[in-house]
Amino acid sequence: LLPLSECRPAVGEYLPPDQERLGLLFERHDAQGLHQAVEEHLAEMERRGAVTRENLKKLRFDLLQLLFSKLHSRQIEARRLFSNERNDLLYARSLRSVAGMREYLEYLIDTSLAYGDLAGNAKSVAGKMCDYIEENLGRNITRHSLSEALFFSPDYLARLFKRELGVSIASY
């Protein structure tokens, strides 16, 4: 057995978040628990003197990887979901301070959970597809254009649409 001092990172070193705990909280759609876990991790980083630009960057990568993976497992294309001005602004601020990181991570968590909830409700996703199609009747609507608008993979949307409405997107 290693002494405890050898198991914990030294002061100032990066300590990764508990990915398993965060993943479970995400799967349970526990926004409060996720926010609390992130807050506790940031507080621990501050307590240990580990708040550096490099460590904040590592934390951001770890949490982005976790959330993108969880979203991908629900057929949500996270890179599209987070391709917007608000994300870009918060992303840029996230390495300036703990407060900036906290704001960015809150946004990521809340947006991810909101879309995760939508993905769990096939009727809501199918309804959003129908709304999009009706609002864009004069345009060439494809699985890919629906995917761009709704942030889900094209194959998933096609299968869900057929299952929920009994017809293909093209036939609709």
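Note on numbering: residues in each chain are counted from 1, in written sequence order. Per-residue local features of the predicted model are confined to residues with pLDDT of at least 70, and side-chain atom pairs are confined, for both listing and counting, to 80 or more; whole-chain, interface and lining totals are unaffected and use all residues. Excluded from the side-chain calculations are hydrogens and water; all other atoms, namely the structure's heavy atoms, are used.

Visitor: Whenever I open this one, the environment of Asn55 confuses me. Can you help?
Guide: Helix and strand definitions here come from DSSP, where helices need a minimum of 4 consecutive H or I residues and strands a minimum of 2 consecutive E residues; each element is numbered from the N-terminal end. On the secondary structure map, Asn55 appears in helix α4 (residues 53-72). Partly exposed describes any residue whose relative accessible area lies between the buried limit of under 20% and the exposed limit of over 50%, with all areas from a 1.4 Å probe on protein chains only and scaled to the type maximum. Exposure remark for Asn55: the relative accessible area of 5% places this residue in the buried category. Along the sequence, Asn55 and Leu15 sit 40 residues apart, while their C-alpha atoms lie 8.4 Å from each other. If we ignore the near neighbours within four places in the chain, the residues touching Asn55 are Gly12, Glu13, Tyr14, Met45 and Ala50. A contact between two residues is defined here by any heavy atoms of the two lying within 4.5 Å.

Visitor: Is there a simple way to explain the side chain of Arg80 in this structure?
Guide: As for its position among the elements, Arg80 is in helix α5 (residues 78-81). Take Arg80: its relative accessible area is 15%, and that puts it in the buried class. Residues adjacent in sequence count toward polar contacts only when both atoms are side-chain atoms; beyond that, a polar contact is any pair of N or O atoms within 3.5 Å, and within protein one must be able to donate a hydrogen and the other to accept it. Polar side-chain contacts of Arg80 include one of 2.4 Å to the side chain of Glu77. Discounting residues that sit within four places of it in the chain, Arg80 has contacts with Ser147, Glu148, Phe151 and Phe152.

Visitor: Even after reading the chapter, I still don't get unusual backbone geometry, so can you show me in this structure?
Guide: Phi is positive for His29, which is not a glycine, with a value near 60°. Here His29 lies in the loop between α2 (19-27) and α3 (31-47). His29 sits in the partly exposed class, given a relative accessible area of 32%. Located in the positive-phi region is Gln75, a residue other than glycine, with phi close to 70°. Residue position: Gln75 is located in the loop between α4 and α5.

Visitor: How should the pattern of salt bridges be read in this particular structure?
Guide: The salt bridge definition used is simple: a Lys or Arg side-chain nitrogen within 4 Å of an Asp or Glu carboxyl oxygen. Evaluated as defined, the whole model comprises ten salt bridges. Ionic pairing is found between Glu103 and Arg93, a salt bridge with its closest N-O pair at 3.7 Å. A residue pair is termed long-range when its members are at least 10 positions apart, and Glu103 in helix α7 (residues 98-119) and Arg93 in helix α6 (residues 85-93) qualify at ten residues. According to the relative accessible area criterion, Glu103 is partly exposed, its value standing at 34%. Judged by relative accessible area, which is 31%, Arg93 ranks as partly exposed. The shortest N-O distance in the salt bridge between Arg143 and Asp155 comes to 2.9 Å. Here Arg143 is found in helix α9 (residues 143-150), whereas its partner Asp155 is found in helix α10 (residues 154-165), with twelve residues between them in sequence. You can call Arg143 partly exposed: its relative accessible area is 32%.

Read these as layout, nothing more, since geometry by itself doesn't imply function.
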